[in-house]
There are 2 protein chains.
Amino acid sequence: MAIINNQFKIGQVAKLTGLSVKSIRYYHDIGLVQGKRNEAGYRLYSDADINSLNFIHQCRDLGFSLEHCQHLLSLNNNQQRQAENVRQLAIEHLAEVNQKITKLEKLKRDLEQMIGHCQGGKQSKCAILDGINKA
Amino acid sequence: MAIINNQFKIGQVAKLTGLSVKSIRYYHDIGLVQGKRNEAGYRLYSDADINSLNFIHQCRDLGFSLEHCQHLLSLNNNQQRQAENVRQLAIEHLAEVNQKITKLEKLKRDLEQMIGHCQGGKQSKCAILDGINKA
DNA sequence: CTTGACTCTCCTGTTACTGGAGAGTTTACC
DNA sequence: GGTAAACTCTCCAGTAACAGGAGAGTCAAG
């Protein structure tokens, strides 16, 4: 009963995870997921490595920085973890997301207002420029 | 009847515009607002330069990239401009802002949902990690 | 045995600056 | 007049998370 432990080269890993080869190399460089090397120096990734890379991919999609991904990954791999720690990270991240949204919505309102007042066309008078200049 | 044309040094300009000295130098380097130099090589800015810097500051606050700021500034300084061009830039920028908002709101929902399901505490079971892993 | 697909390691560029070193300039004060 | 503080200058490095590309080595198929 052999334990099958696949070793994938970076191109295969890219296809399996949806990450770019460049990203995977980058994660290697910064020590996030390193895998092994074969005799020729090619990077080799195990199933567990693939899982880690998928995990990171998901975290990135949720907007976490690589530093946070690092942290989350170590919590994910640690059976002694406390859910509260993960929760705190997520809550902090959510707060940042909310801040960004708030800021962008103000931009949105300001832009919409200016655009609404600008009649466009060939004239040089422009409510948008006026708005920017008077501010 | 002398025409008063003040020439400000970079530190004064920083105070007048609210920009950092570093930013002003950077705008100089990339050719955005250059002013003059005195004999000692110090940068000197006129009232018109200050206006341009204020204009850029406002555009930055509206989230425009420096490249867009450049473009808007040249439209602002061009009496032959057509308001439509400005309007188009603003509309495109607004579209980008809206895209970002949409993306962030999806992140917000996803994060809130996961956080809502995570009970936290000292246990290792964590709905957030589960959510990331299953995705 | 060669050709094409893959992989490797550098190096540069991206955006809009910030921080800092080392050196010259100006200003204020005694 | 001298000097010390404040200001300015030009590099250079770093930031986040990679992408693009050069030049060279490796591997599999025909």
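Right above here is the structure, for reference.
Residues numbered from 1 in each chain as written. Chains lettered and ligands numbered in written order. Predicted model: local features only at pLDDT ≥ 70, side-chain atom pairs only at ≥ 80, totals over all residues. Heavy atoms only, no water.

> Any chance you could explain the overall build of chain A here in plain terms?
Regarding its fold elements, chain A presents six helices and three strands. Listing each helix as α and each strand as β along chain A from the N terminus yields β-α-α-β-β-α-α-α-α. Relative to the compact-globule value of 14 Å for 135 residues, chain A shows a C-alpha radius of gyration of 23 Å, a clear excess of over 25%. With respect to the three principal axes, the spread of C-alpha positions in chain A is 80 × 40 × 25 Å. Counting all 135 residues of chain A, 39% fall into the buried class. Counting contacts in chain A only where the partners sit at least 6 residues apart, residues at least 24 apart contribute 43% of the total. Accessible area of chain A: about 8100 Å², with a carbon and sulfur share of 48%. A distance of 6 Å separates the average location of the 18 positive side-chain charges in chain A from that of its 13 negative side-chain charges. (Helix = DSSP H or I, 4+ residues; strand = E, 2+ residues; numbered from the N terminus. Rg over C-alpha atoms; globule rule 2.2 N^0.38 Å. Buried < 20%, exposed > 50% of the residue type's maximum accessible area, 1.4 Å probe, protein only. Contact = heavy atoms within 4.5 Å. Areas by Shrake-Rupley, 256 points an atom, 1.4 Å probe, with all protein chains shown as cover. Lys, Arg positive; Asp, Glu negative; His and termini not counted. Charge placed at Lys NZ, Arg CZ, Asp CG, Glu CD.)

> Sorry, what's going on with the packing of helix 3 (residues 47-61) of chain A against helix 6 (residues 127-134) of chain B here?
Two quantities define a packed helix pair, namely the angle between the helix axes and the distance between the axes. Relative orientation of the contacting elements helix 3 of chain A and helix 6 of chain B amounts to 110 degrees, with a least axis distance of 8 Å. Classified by the angle their axes make, helix 3 of chain A and helix 6 of chain B are roughly perpendicular. Side by side, helix 3 of chain A and helix 6 of chain B meet where F55, Q58 and C59 of chain A of the first sit next to L129, I132 and N133 of chain B of the second. Among the residues forming the contact of helix 3 of chain A with helix 6 of chain B, the class breakdown is four nonpolar, two polar and no charged. (Axes fitted to C-alpha atoms, helices over the stretch in contact; angles between N-to-C directions. Parallel < 35°, antiparallel > 145°, perpendicular 65-115°, else oblique. Nonpolar A, V, L, I, M, F, W, Y, C, P; charged D, E, K, R; others polar.)

> I keep staring at the protein's contact with DNA strand C and nothing clicks. Help me out?
Near DNA strand C, the surroundings consist of 19 residues, among which G11 and R43 of chain A together with S20, K22 and Y27 of chain B are the closest. Of what DNA strand C places within 4 Å of the protein, 70% of the atoms are sugar or phosphate. Within the backbone of G11 of chain A, a nitrogen or oxygen atom sits 2.7 Å from a phosphate oxygen of DNA strand C. The separation between a phosphate oxygen of DNA strand C and a polar side-chain atom of R37 of chain A is 2.8 Å. Breaking the surface near DNA strand C down by element, the ones donating at least two residues are helix 1 (10-17) of chain A together with helix 2 (21-29) of chain B. Looking at the surface near DNA strand C element by element, the count peaks at four residues for helix 2 of chain B. A per-class count over the surface near DNA strand C returns seven nonpolar, five polar and seven charged. (Near = heavy atom within 4 Å. Polar contact = N/O pair within 3.5 Å; in protein donor to acceptor, adjacent residues only side chain to side chain.)

> Is there a simple way to explain the protein's contact with DNA strand D in this structure?
Near DNA strand D lie 18 residues; those nearest to it are S20, K22 and Y27 of chain A together with G11 and R43 of chain B. Counting only atoms of DNA strand D within 4 Å of the protein, the sugar-phosphate share comes to 72%. Contact between DNA strand D and S20 of chain A: a phosphate oxygen at 2.7 Å from a side-chain N or O atom of the residue. The separation between a base oxygen of DNA strand D and a polar side-chain atom of K22 of chain A is 2.6 Å. Broken down by secondary-structure element, the contributors of at least two residues to the surface near DNA strand D are helix 2 (21-29) of chain A together with helix 1 (10-17) of chain B. For the surface near DNA strand D, the element with the most residues is helix 2 of chain A, which contributes four residues. Looking at side-chain class alone, the surface near DNA strand D contains seven nonpolar, five polar and six charged residues.

> Looking at this structure, how should I read the relation of the copies chain A and chain B?
A rotation about an axis combined with a shift along that same axis relates the two copies of the chain. Relative to chain B, chain A is turned by 180 degrees and slid 0.0 Å along the rotation axis, the superposed coordinates differing by an RMSD of 0.1 Å. Both chain copies can therefore be described as sitting about a two-fold axis. In terms of C-alpha distance to the rotation axis, chain A has I101 of chain A as its closest residue, with the C-alpha 3.0 Å off the axis. (Least-squares fit on C-alpha atoms with pLDDT ≥ 70 in both.)

> Sorry if this is basic, but what is going on with the nonpolar core here?
Across soluble globular proteins, nonpolar side chains have a tendency to be buried as a group. If you look at the biggest cluster of nonpolar residues, it comprises 77 residues, and the most contacted ones within it are I24, L53 and I128 of chain A together with I24, L53, I56 and I128 of chain B. Discounting chain neighbours no more than four positions away, the residues touching I128 of chain B are V86, R87 and A90 of chain A together with M114, I115 and C118 of chain B. (Core = buried A, V, L, I, M, F, W, Y, C linked by side-chain atoms within 4.5 Å.)

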